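Each chain is listed here by its residues.
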Amino acid sequence: SAKSSGRNAVSFFDLTMQTNLTERTNLEAALRQGIAQDQLKLYIQPQMKQDCTVYGGEVLVRWQHPTLGLLSPDKFIPLAEETDLIIPMGNWVLTAACKLLKQFSQDEHLKHFSLSVNVSVKQLHLADFVEQVQSTLLETGAPASQLMLEITESGLIDNMADSIRKMERLTKLGVRFSLDDFGTGYSSLSYLKKLPLTQVKIDQSFVRGIHFDANDAAIVRSIIALASAMHLQVTAEGVENREQLEYLQALGCDSYQGYLLGRPAPWQSVIQQLRDCHFKLLTAENNPSTV
Ligand code: C2E
Ligand code: MG
Ligand code: MG
Ligand code: MG
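Residues numbered from 1 in each chain as written. Chains lettered and ligands numbered in written order. Predicted model: local features only at pLDDT ≥ 70, side-chain atom pairs only at ≥ 80, totals over all residues. Heavy atoms only, no water.

Within the protein chain, the regular secondary structure consists of 11 helices and 10 strands. For the protein chain, with 291 residues in total, the buried portion stands at 46%. The long-range share in the protein chain, meaning contacts at least 24 apart out of those at least 6 apart in sequence, stands at 67%. By element, 54% of the accessible surface of the protein chain is carried by carbon and sulfur atoms, the whole surface being about 14500 Å². (Helix = DSSP H or I, 4+ residues; strand = E, 2+ residues; numbered from the N terminus. Buried < 20%, exposed > 50% of the residue type's maximum accessible area, 1.4 Å probe, protein only. Contact = heavy atoms within 4.5 Å. Areas by Shrake-Rupley, 256 points an atom, 1.4 Å probe, with all protein chains shown as cover.)

Between the first and last C-alpha of helix α5 (residues 129–140) there are 17 Å, a value that for 12 residues agrees with the 16 Å anticipated at 1.5 Å per step. The set of residues buried in α5 consists of F129, V130, V133, T136, L137 and T140. Buried residues in α5, looked at end-on, bunch into an arc of 130°, giving them a common side. Relative to its buried face, α5 has exposed residues pointing more than 90 degrees away, namely L138 and E139. Buried residues along α5 sit in contact with α3 (86–105), α4 (121–124), β5 (147–152) and α6 (160–172). (Expected span 1.5 Å × (residues − 1). Arc of directions from axis to C-beta.)

The next subject is the coordination of the magnesium ion (ligand 2). All of the protein donors around the magnesium ion (ligand 2) are E58 (OE), N118 (OD1), E150 (OE) and D180 (OD); their distances to the metal are 2.0 to 2.3 Å. Between consecutive donors of the magnesium ion (ligand 2), the numbers of intervening residues give the motif E-x59-N-x31-E-x29-D. A distance of 3.9 Å spans the gap from the magnesium ion (ligand 2) to the magnesium ion (ligand 3), which D180 bridges by coordinating each metal. Here the residue E58 occupies a position in strand β2 (residues 54–65), and E150 occupies one in strand β5, the gap between them amounting to 92 residues. Neither residue differs from the other here; E58 and E150 are each classed as buried. (Donors = N, O, S within 2.8 Å, 3.2 Å for Na, K, Ca; no water.)

Near ligand 1 lie 23 residues; those nearest to it are Q45, R62, D180, E240 and Y259. A distance of 2.9 Å separates an oxygen atom of ligand 1 from a polar side-chain atom of R62. Within the contact set of ligand 1, an oxygen atom lies 2.9 Å away from a side-chain nitrogen or oxygen of N118. Burial of ligand 1 by the surrounding chains reaches 82%, relative to a free accessible area of 810 Å². If you list the elements that add at least two residues to the shell around ligand 1, you get β2, α3 and β6 (176–182). The biggest single contributor to the shell around ligand 1 is β2, with four residues. Here the shell around ligand 1 is built from residues that sort into 10 nonpolar, six polar and seven charged. (Near = heavy atom within 4 Å. Polar contact = N/O pair within 3.5 Å; in protein donor to acceptor, adjacent residues only side chain to side chain. Nonpolar A, V, L, I, M, F, W, Y, C, P; charged D, E, K, R; others polar.)

We now examine the nonpolar core. Nonpolar side chains in soluble globular proteins tend to be buried together. Counting residues in hydrophobic clusters, the biggest one holds 80 residues, and the most contacted among them are M89, L115, L147, L149, L179, L195 and L248. Counting residues per element, this core draws most heavily on α3, at 12 residues. Ignoring any residue separated from it by four or fewer positions in sequence, one finds L195 in contact with L156, M160, I164, M167 and L179. (Core = buried A, V, L, I, M, F, W, Y, C linked by side-chain atoms within 4.5 Å.)

Our focus in this paragraph is the packing of helix α9 (residues 214–229) against helix α10 (residues 242–251). A pair of packed helices is captured by two measures, namely the crossing angle of their axes and the spacing between those axes. Between α9 and α10, the shortest axis-to-axis distance is 10 Å and the interhelical angle comes to 40°. Judged by the angle between their axes, α9 and α10 are oblique. For the pair α9 and α10, the sense of crossing is right-handed. Note on element contacts: α10 touches α9 through Y247, L248 and L251, opposite A217, V220, R221 and I224. Class assignment of the residues belonging to the contact of α9 with α10 gives a composition of six nonpolar, no polar and one charged. (Axes fitted to C-alpha atoms, helices over the stretch in contact; angles between N-to-C directions. Parallel < 35°, antiparallel > 145°, perpendicular 65-115°, else oblique. Left-handed = near helix turned anticlockwise from the far one by under 90°.)

Okay, the coordination of the magnesium ion (ligand 3) next. Protein coordination at the magnesium ion (ligand 3) comes from D180 (OD), D181 (OD), E237 (OE) and E237 (OE), with a distance range of 2.1 to 2.4 Å. Within one chain, the residues donating to the magnesium ion (ligand 3) are spaced in sequence as D-D-x55-E.

With that settled, the discussion passes to the pairing of strand β1 (residues 40–49). The buried count for β1 comes to nine of 10 residues, which makes it a mostly enclosed element. With nine bridges connecting them, β1 and β2 associate as antiparallel partners. Within the sheet, the bridge partner assigned to L42 lies in β2 and is V61. Hairpin connection between β1 and β2: a loop of four residues separates the two successive antiparallel strands, and C52 in this loop has a positive phi of roughly 70°. As paired strands, β1 and strand β10 (residues 265–266) are joined by two bridges and run antiparallel to one another. Across the sheet, the residue bridging to Y43 is P266, located in β10. (Pairing = 2+ DSSP bridges.)

Bear in mind that shape data such as this cannot, by itself, settle questions of function.
Right, dumping it as structure tokens:
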């Protein structure tokens, strides 16, 4: 009857949920262990200025899972955010990035190379976030001036005053801030005014069609005009081809990141490419403006 098949449907549904819950619990336990056992890997994607010199890179985490292989962030960041594992994970990434910055600072060839690290709003809203970043900088000996923290609009609104206070304190230490995925969140324009930012990153969804979609082009043109009026650097993410790059250059975008220049790669291989002069590196001589 309809009634019994309904009941069967319910128990089948319960069973599916149970399986998902078990899978999630397993993944959570595995991630907790993975963070403790250094299974996280730092990937870096190079970033370049208008004149095509590489000035730095974005740190993008990967998880080398013992049986599932190399996992990209979309497979584990949402879970990490839900379970607060994003906090130990974020600490691990920041510490690893600062150790690299210390290493770069002692290398004549790499001392101008800066790193952008993604920071979750959950990290930013920790009571001792400023102290944590400060002690990481002190313990690793990394130059604060080479560290940029990327934050997204989503979540900032919950506690705007707290975000601003912490960002201002970190700015005093020399750390810079970038607003990631700009244009995809809410009330974007008010953030630009209120937050102590150095840079705005145009989301890749607007860059994709810039050379053929009039709406994308209009949005990007407006972001660049607005940011430059507010003395903010603008960087475009997701630049995959020459047409997009040339269009962005013509609009006066300050810097670029995307598959055209390079995909995210293990940090060791990016450093090797920099040493081999695979990329034209930013130096004091060819620095067109201060970064
Ligand atoms: P995001 O910060 O906006 O990073 C840019 C994403 O776009 C990266 O994906 C990158 O691989 C991808 N990308 C770069 N260039 C291109 C391109 O030309 N074309 C296309 N189609 N994609 C491109 P990924 O590495 O999978 O990272 C995804 C997101 O995961 C990041 O977005 C960031 O929100 C988050 N994430 C990554 N690492 C961390 C981390 O250490 N901490 C936190 N909190 N979040 C992280
Ligand atoms: Mg980012
Ligand atoms: Mg982004
Ligand atoms: Mg993104």
